[in-house]
Structures are given as C-alpha cells and as structure tokens.
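If you want the building blocks of each chain, they are given just below.
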Amino acid sequence: MKPYRVILYYYYTPIADPDTYRDEHHLFCVENNLLGRIIVAPEGLNGTVSGTPEQCEAYMNYVRSDARFAGVQFKVEESDHIAFQKLHVRVKDEIVNSDLPVDPLVRTGKHLEPADFKAMLNDPDVVLVDMRSDYEHEVGKFKGAITFDMHNLRELPDHVHEIAHLKDKKVITYCTGGIKCEKASAYLLDQGFTDVYQLHGGIIRYGLEEGGENFDGKCYVFDNRITVDVNKVNPTVISKCYICEEPCDRMVNCANAECNNHVPICEKCGWEMEGACSAECKTHPAKRAYDGTGYYVVNSNHYHPLQGLKSQQKNIKKMKLALKTESA
C-alpha cells in the first residue's frame, strides 16, 4: 500500500455559475491540503487531484455530495509521492479543449466497460482509434490501434479522412481517462460513422480493473509521474530513446528551455547529454541544469495554494470596475 493517491475524473453536467463554484471548490482543496489541476466549465468538471488516502476520500465525498456530480466515476491510483506541486482550479469554456461542435449530453459513442472492451479486442470487425496526442501514443498504445499525428483534439477534423473507409466498422475510441472520447466519438457519429464505442474510464480504468492486457508501453499522464505502468499481463516497451534509439519509455523535456522537446531519453543518454535532446541544445545558453529527471518546475515566488483564488477574485473585481466605469 503506497502512501498517496492520484484521482482522475470528469463529469459532463451543466454548471450555471462556474466562477462561484470554482471559488468554493478551490477553498475546499486548500482546506484539505489537496494539490492538482481542476477545470470548471459551463459543461462540467474535470480534474486530477493528489493527496493522502484520507484527503482524497474527503475530496471524492465532497464532489459526490453535490447532486450535479452524484454519478461521477473516479479512477484511483496509488503513488509513492504527491503527484503535483501546486493547486490550480480554473474556469474554462470546455473541460477538455476540442472546439468540436458536439454535446456529449445529447449524443456520444456507446460506453464500453473495461471487461466488455477486453472481450471485443479479438473481434475482427473492431477497429481501435487512439484519440490522444502524438507524444502520448508514441510512448504507449493498444496493439493494432490507429493513431493520428495530431498535437491536440482540436486537430481531429483534419484527420478523420484517414479512417473514412472504416465508417461501417465497429470503431472503439480510447484515451487516458475517457474524457476526450466523449466528444471524439460524438464527432465521429456526426461524420457518418455508424457503430461507435468508447472505452469508459479510458486506459487508466482498463489497467486498474482488467490488468491492461495488450496495452503496449506506458500511459502518459498529466502530472509529475509523466508516465505510468498499465499492462500487468503482457507488458512491452514500444518507444525508443531519442538519442541512441535503444528501447526506452522514460519521457523528459529537453534541458534547453527554448526547445523543451518532450521525448523519450534513456538515463545514460540523459546524463551524457546533460538533459538535452541534441548537441545544439546541450550548448545552448538557455539550457537548464539537469538533475536526472528531465522535469522542470516553473519557479513561483512565495507560492501559496490560495494564490490562484486571490488572482481570480482580483481579475473579477477589475472587470466589474471597468464595466461600472463604462456605464457611468
């Protein structure tokens, strides 16, 4: 049993006053010593939060106690360390950036529970489509899955033609926790795909509940861990070191801050290159000191978890004052 937990979740439901709820949510996290990234939007809630088992249990109870989020599903992982160094609770237009003209509350692909997903993997009529970014599927993906050379979900419309010939197949979309597939599967349905599914709870839940069989490599996550093991049945490494091309799934950011290339680099090459991805970056004046992790935290003077809340409230006051001045 590890000393900390990381909880991943999302829930689509209307939030009438995201700003007010954001402030309330932020305060709860501060009072319970939770760190992480949480997005509040008119369409719902999305977050990854880390703390002790007791803190995470309190957080899950808090979210579920609100009738709007009573049906939320949490993916809970054990961790040796707190997975974040700061707390960010932000209001945005969407809980996952997509710009896709769809509403998951109106229509989306059929949800597949992990056990049902596993049972369908050997169906010759099934096509797996990875809805994650290129740097995510380069370090890990399901065997035989179709991937797109896209950096974010907003680029999906530019790649749908690559699978247009599969419109009559059973198309199963998947991503890290399931959130991207809510909109991606809905978009495929709008584009004429007839039989669209999505892995409910994503790669993380499949690994937790079904052992992650046939997921090659590691799963990229958006916290300090960077990647996590998923497959406990037939694991393998699919990515290669950016420098020496030996099998490697150790993701780092290039030490050159102006490059910041996010690639796999093995430990040996990491030290030899001082964390840089090329000879040019190794001698670049913007190269940061390498500590063996390839993870660089942005310095924040006198950071406190309440900082984001105070900044938000200050911006709201400025906007109200500007509106009052205009109407005067």
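Here the structure is a predicted model, which is why all the values come from computation and not from measurement. (Residues numbered from 1 in each chain as written. Predicted model: local features only at pLDDT ≥ 70, side-chain atom pairs only at ≥ 80, totals over all residues. Heavy atoms only, no water.)

A. Examining the overall build of the chain more closely. Of regular secondary structure, the chain possesses 9 helices and 15 strands. A compact globule built from 328 residues would reach a C-alpha radius of gyration of about 20 Å, and the chain, at 21 Å, matches this within 12%. A principal-axis box enclosing the C-alpha atoms of the chain has dimensions of 65 × 50 × 45 Å. Evaluated residue by residue, the chain yields a buried proportion of 50% over its 328 residues. Intrachain contacts of the chain at a sequence separation of at least 6 include 69% that bridge at least 24 residues. Accessible surface computed for the chain: about 16000 Å², of which carbon and sulfur atoms make up 50%. (Helix = DSSP H or I, 4+ residues; strand = E, 2+ residues; numbered from the N terminus. Rg over C-alpha atoms; globule rule 2.2 N^0.38 Å. Buried < 20%, exposed > 50% of the residue type's maximum accessible area, 1.4 Å probe, protein only. Contact = heavy atoms within 4.5 Å. Areas by Shrake-Rupley, 256 points an atom, 1.4 Å probe, with all protein chains shown as cover.)

B. Representation of the pattern of salt bridges in the model. Counted by the stated rule, this structure contains 20 salt bridges. Each of the salt bridges in this network shares a partner with another, and the network as a whole consists of Glu-43, Glu-94 and Lys-183. (Salt bridge = Lys/Arg side-chain N within 4 Å of Asp/Glu carboxyl O.)

C. Focus on the packing of aromatic side chains. For the structure shown, the criterion picks out 15 aromatic pairs. When the ring of Tyr-59 is compared with that of Tyr-62, the centres are 6.5 Å apart and the planes differ by 50 degrees; the resulting orientation is tilted. With Tyr-59 and Tyr-62 both in helix H2 (residues 53-65) and 3 residues apart, this pair spans about one turn of that helix. Here the two residues Tyr-59 and Tyr-62 agree in accessibility, since each one is buried. Centroid distance Tyr-135 to Tyr-220: 5.2 Å. Interplanar angle 75 degrees. Geometry classified as edge-to-face. With Tyr-135 in helix H4 (residues 134-137) and Tyr-220 in strand E12 (residues 219-220), this pair connects stretches of sequence that are 85 residues apart. With relative accessibility at 9%, the residue Tyr-220 sits in the buried group. A connected cluster of aromatic rings, assembled from ring pairs, spans Tyr-9, Phe-28, Tyr-59, Tyr-62 and Phe-74. For Arg-68, the ring lying beneath its charged end belongs to Tyr-21, and the centroid distance is 5.0 Å. Cation over ring: Arg-288 sits above Tyr-296, and NZ or CZ is 4.0 Å from the ring centre. (Phe/Tyr/Trp six-rings, centres within 6.5 Å; stacked < 30°, edge-to-face > 60°. Lys NZ or Arg CZ within 6 Å of the ring centre and 35° of its normal.)

D. Local environment of the sheet that holds strand E9 (residues 170-174). Spatial strand order, E6-E10-E9-E7: 4 strands in an open sheet with parallel pairing. The outermost strands of the open sheet, each flanked by one partner alone, are strand E6 (110-112) and strand E7 (126-130). Going across the sheet, the axis of each strand differs from the next one's by a mean of 30 degrees, ignoring polarity. With 5 bridges joining them, E7 and E9 adopt parallel strand pairing. Bridged to Val-126 within E9 is Lys-170. Where helix H5 (residues 179-190) meets the sheet, it contacts E6, E9 and strand E10 (195-199), and its direction lies at approximately 175 degrees from that of E10. (Pairing = 2+ DSSP bridges. Axes fitted to C-alpha atoms, helices over the stretch in contact; angles between N-to-C directions.)

E. Up close: the layout of surface pockets. In this structure, the largest pocket encloses a volume near 1600 Å³. Around the largest pocket sit 49 residues that line it, and Arg-37, Tyr-135, Tyr-220, Phe-222 and Asp-223 are the ones nearest its centre. Of all the secondary-structure elements, those providing two or more residues to the lining of the largest pocket are strand E1 (4-12), strand E2 (35-41), strand E3 (44-51), strand E5 (87-91), H4 and H5. Residue classes in the lining of the largest pocket are distributed as 21 nonpolar, 15 polar and 13 charged. Forming the boundary of the second largest pocket are 25 residues, of which Lys-218, Arg-225, Thr-227, Val-228 and Asp-229 lie nearest the centre. Elements with a contribution of two residues or more to the lining of the second largest pocket: strand E4 (75-79), helix H6 (202-210) and strand E13 (227-228). (1 Å grid on protein atoms, 1.4 Å probe; cavity = no way out; pocket = protein on both sides within 12 Å on 5 of 7 lines; lining within 4 Å. Points joined across faces, edges and corners; volume = space filled by probe spheres on them. Nonpolar A, V, L, I, M, F, W, Y, C, P; charged D, E, K, R; others polar.)

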